[in-house]
Amino acid sequence: MVVASEVLAKAAFKMGFEVSSFPFFGVERRGAPVTAYARIDEHPIRNKSSIYEPDYVVVLDSSLLRGIDILEGLKPSGKVLINYPAGKKLPDLPQRYKYFLIDATSIAAAHGIGSQTAPIVNTAIMGAFAKICDKVALEPVLESIREVAPVKEEENVAAAKEAYERTTEATP
Amino acid sequence: MREVMTGNYASAYGAKLARAEVIAAYPITPQTSIVEKLADFVTTGELKAQFIPVESEHSAMAACIAAETAGARTYTATSSHGLTLMHEVLIWASGARLPIVMTNVSRAMAPPWSVWVDHMDSIAQRDTGWLQFFCQSNQEVLDTIIMAYKVCESSGIMLPAMVIMDAFIQSHTSEPVDLPDQELVDSFLPPYSPDLKIEVGKPMGFGSLVKPDQYMEFRYKAMLGMKAARDRVLRVEREFKSIFGREHGGLLERYECDDADVVLVAAGSVAATAKDVVDSMRAKGHRVGLARIRSFRPFPHDEIRALAGKVEGMAVLDRSYTFGAAGAMFTEARASAYSVQKRPVMKNYIAGLGGRDITPRILERIFEDIQVVSRRGAEDEVEWVDVAGLQRRWR
């Protein structure tokens, strides 16, 4: 999640935007629930407070759809991207937003990113995000992934590309 | 070259560009990635330095004291409980007149446990004789580390400096940072070369016992060093600007203060957010300004005094509380304003402890409150902001 927001910030920066991305987590360990934020702007970003009214919400773990209100504060024109198992029916969600689905878990597993039981989806999901975001294109996202990925750069890039191609809009 | 990086990486790059020769540090959330990055730099040979992994923060500072006494430029970084564990040796470092530079990622103290920002750890060290710089951006963190060495290693100063950034809000926030060229930094910051150091074959006493007839003179001289630092900070920043084209506001950064009726005084990352609020309130016709305490030690007495003589209301935001008194920024700012003939109404706002978010909305309400009390007078001189069960207006 934190890496995903960093990839996004670096990609937007490459496109000439000012950026700021930050995580919110308690303990620094794998598996703990994490929220990360990113701001993208034409002007230098001074606001250091959290984001309460996002334009986009990206959900990396679909089990969160039951636990918390992922739509809290989302702007009326907001878009939601969810890492969601292919073929599974979406739960009831308000019709007023646009939803996009990608099975980033399967894609990451297929490309051997992370383990088969716990694939790391943060690069695939950013490929999908490049598809739905008006501001960020795929190529700078891939470049940022190459910079940020500690290992398996090309596998991560391939996963992001595949996710970009396979992201679909869904109606709950 | 501009790159997107966290405050922690900006800190590590600052120490690398300043060519720190000895780094001794102990990891603690949220400072850990500073130490990791520096260990990387040393391992890959990008930074020629001795990296000493130690068993505690007290030892980290002790190692820096020893190395600095031997004439090496040293760097360390810590946070919260790590900083307070260092307390004893912090006073040693300043008393021994060692210009060590340290990053403190300011984080709340336990209990209850919190890894998020407030300034209690830093404020608790205000009497240790260290210079204390509060930063608002990752760029400022990097630049201030480089400038701090230049300020502190001057023979008239010879005191250590703490470069402070906010936990997570800066340490883990990625934003664009300009990485200056090494050659430019080298031209700005010459190698460390103290007048006195431990040398083989040149016996001298360091940290010896002195009797009452001598002790006070040591403290007096340290006071003179801290006093001289006021001017030195400004001169070093002017030189920095002439080379790198950037400045960060001296001891007290003033934003839209010239014609302001009321001003907010604050330190750290919240000051950056407050600039957005100043702009939006000015667009609605309110004459408000921000004064950012960049240097808490030495304290910008003259600057606060000058500002206090021009405004009707001064809101002082503290991200910590000194029990039995008020916020430390407030008590000091009010002391500075005391000699002004027509003093403004001053009020202290305690906010954002343990990482509670200080939103633009809360800052706007602080401005609105100080506008009202500057006309009517303040009922409470200290108000805790956004606390459950207290005033609902902050929510």
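Reading the values: the criteria
Residues numbered from 1 in each chain as written. Chains lettered and ligands numbered in written order. Predicted model: local features only at pLDDT ≥ 70, side-chain atom pairs only at ≥ 80, totals over all residues. Helix = DSSP H or I, 4+ residues; strand = E, 2+ residues; numbered from the N terminus. Buried ≥ 20, exposed ≤ 12 C-beta atoms within 10 Å, placed from the backbone. Pairing = 2+ DSSP bridges. Axes fitted to C-alpha atoms, helices over the stretch in contact; angles between N-to-C directions. Contact = placed C-beta atoms within 7 Å. Nonpolar A, V, L, I, M, F, W, Y, C, P; charged D, E, K, R; others polar. Domains from an automatic or database assignment. Right-handed = clockwise from strand over helix to strand, strands pointing away. Parallel < 35°, antiparallel > 145°, perpendicular 65-115°, else oblique. Left-handed = near helix turned anticlockwise from the far one by under 90°. Core = buried A, V, L, I, M, F, W, Y, C linked by C-beta atoms within 7 Å. Expected span 1.5 Å × (residues − 1). Arc of directions from axis to C-beta.

A. A look at unusual backbone geometry. All names here are of chain B. The omega torsion of the bond from Ala 110 to Pro 111 falls at -10°, within 30 degrees of zero and hence cis. Among the secondary structure elements, Pro 111 is positioned in the loop between strand E5 (101-106) and helix H6 (120-123). Here the amide bond leading from Pro 111 into Pro 112 is cis, since omega sits at -10°, within 30 degrees of zero. By the element assignment, Pro 112 lies in the loop between E5 and H6. At Ser 80, a position not held by glycine, the phi torsion is positive, near 50°. Locating Ser 80 in the fold gives a position in helix H4 (residues 80-85). Take Ser 80: there are 28 C-beta atoms within 10 Å of it, and that puts it in the buried class.

B. Structural detail: the environment of Val 115 of chain B. Residue and element names in this part refer to chain B. As for its placement among the helices and strands, Val 115 is situated in the loop between E5 and H6. Residue classification places Val 115 among the buried positions, given that 21 C-beta atoms sit within 10 Å. Along the sequence, Val 115 and Thr 29 sit 86 residues apart, while their C-alpha atoms lie 6.8 Å from each other.

C. Summary view of the sheet that holds strand E11 (residues 288-293) of chain B. All names here are of chain B. Strands sit in the order E9-E11-E10-E13-E14-E15 across an open sheet of six strands; the sheet is mixed. Taken across any chain shown, the strands that pair with only one partner, and hence form the sheet edges, are strand E9 (252-255) and strand E15 (382-384). Averaged over neighbouring strand pairs, the angle between their axes works out to 20° when direction is ignored. Across four bridges, strand E10 (residues 262-266) lies against strand E13 (residues 313-318) in parallel orientation. The partner of Val 262 across the bridge, within E13, is Gly 313. Sitting on the sheet, helix H12 (residues 328-337) is in contact with E10, E11, E13 and strand E14 (345-350), with an inclination near 150° to E13. Running over the sheet, helix H13 (residues 360-376) touches E10, E11, E13 and E14 and is turned about 140° from E13.

D. Up close: the environment of Val 34 of chain A. Residue and element names in this part refer to chain A. If you trace the backbone, Val 34 turns up in the loop between strand E1 (18-24) and strand E2 (35-41). The spacing of Val 34 and Leu 71 is 37 residues in sequence and 16 Å in space, taken between C-alpha atoms. When neighbours within four sequence positions are excluded, Val 34 is seen to be in contact with Met 1, Val 2, Pro 23 and Phe 25.

E. Just the sheet that holds strand E3 (residues 56-59) of chain A, in detail. Residue and element names in this part refer to chain A. With respect to topology, four strands assemble into an open sheet ordered E3-E4-E5-E6, the strand pairing being mixed. Edge positions in the sheet fall to E3 and strand E6 (168-170), since each of these pairs with one other strand and no more. Ignoring which end each strand starts from, the neighbouring axes of this sheet average 25° apart. Two strands pair when backbone bridges link them, and E3 and strand E4 (residues 79-83) are joined in this way by four bridges, in the parallel orientation. Each residue of the ladder has a partner; that of Val 59, found in E4, is Ile 82. Running over the sheet, helix H4 (residues 122-132) touches E3, E4 and strand E5 (98-102) and is turned about 155° from E4.

F. Main features of the interface of chain A and chain B. In this assembly, 18 residues from chain A lie in contact with 20 residues from chain B. Where the side of chain A that touches chain B is concerned, the elements lending two or more residues are helix H1 (2-14) and E1 of chain A. When residues in the side of chain A that touches chain B are grouped by element, the largest group, six residues, is from E1 of chain A. Here the side of chain A that touches chain B is composed, by residue class, of six nonpolar, six polar and six charged.

G. Spotlight on the domain arrangement of chain B. Residues and elements named next belong to chain B. Entries for chain B in the domain assignment read domain 1 (2-192 + 209-244) and domain 2 (252-394). Once you take the C-alpha centre of each, domain 1 and domain 2 turn out to be 27 Å apart. Tallying the contact residues gives 25 residues for domain 1 and 19 residues for domain 2. Among the secondary structure elements, those contributing two or more residues to the side of domain 1 that touches domain 2 are H6, strand E6 (131-134) and helix H9 (212-244). Of all the elements, H9 adds the most residues to the side of domain 1 that touches domain 2, at five residues.

H. Local environment of the pairing of strand E2 (residues 22-25) of chain B. Every second residue of E2 of chain B is oriented toward a common face, with Val 22 and Ala 24 of chain B on one face and Ile 23 and Ala 25 of chain B on the other, all of them buried. Handedness of the E2 of chain B-helix H2 (residues 32-44) of chain B-strand E3 (residues 50-53) of chain B crossover: right-handed.

I. The arrangement of the packing of H4 of chain A against helix H5 (residues 138-148) of chain A in detail. Residues and elements named next belong to chain A. Packing of H4 against H5 brings their axes to within 9 Å, and their N-to-C directions diverge by 165°. As far as their axial angle goes, H5 and H4 are roughly antiparallel. Here the hand of the crossing between H4 and H5 comes out right-handed. Contacts between H4 and H5 involve Thr 123, Met 126, Gly 127 and Ala 130 on the former and, on the latter, Leu 138, Val 141 and Ile 145. Of the residues contributing to the contact of H4 with H5, the split by class is five nonpolar, two polar and no charged.

J. Geometry of the nonpolar core. Of all hydrophobic cores here, the largest spans 174 residues; its most connected members are Ile 125 of chain A together with Ala 148, Val 263 and Val 265 of chain B. Ranked by the residues each element gives to this core, the list is headed by helix H7 (residues 138-152) of chain B, at nine residues. Excluding residues that lie within four positions of it along the chain, Ala 148 of chain B makes contacts with Val 101, Leu 131, Phe 133, Ala 161 and Val 163 of chain B.

K. Structural detail: the pairing of strand E7 (residues 161-166) of chain B. All names here are of chain B. E7 sits mainly inside the fold: six of its six residues count as buried. Note: E5 against E7, six bridges, orientation parallel. Following the sheet pairing, Val 105 is matched in E7 by Met 165. In this region the chain leaves E6, passes through H7 and returns to the parallel neighbour E7; the handedness of that crossover is right-handed.

L. H13 of chain B, seen in detail. All names here are of chain B. Taking 1.5 Å as the rise per residue, H13 with 17 residues should run 24 Å; its terminal C-alpha atoms sit 24 Å apart, in good agreement. Taken residue by residue, H13 has Ile 362, Leu 363, Ile 366, Phe 367, Asp 369, Ile 370, Val 373 and Ser 374 as its buried positions. Seen from one end, H13 has its buried residues packed into an arc of 165°, which puts them on one side. In H13, the exposed positions that point more than 90 degrees away from the buried face belong to Arg 375 and Arg 376. Buried residues along H13 sit in contact with E10, helix H10 (270-283), E11, E13 and E14. Where H13 ends, the next residue or the one after it, Gly 377, has phi of about 90°, a positive value.

M. Quick peek at H2 of chain B. Residues and elements named next belong to chain B. For H2, built from 13 residues, the straight-helix expectation of 18 Å at 1.5 Å per residue is met to within 8% by its first-to-last C-alpha distance of 19 Å. Taken as a whole, H2 has its buried residues at Ser 33, Ile 34, Val 35, Lys 37, Leu 38 and Phe 41. Taken together, the buried residues of H2 touch helix H1 (7-17), E2, E3, strand E4 (74-78) and E5. Remark: Gly 45 follows H2 within two positions and exhibits a positive phi of approximately 85°.

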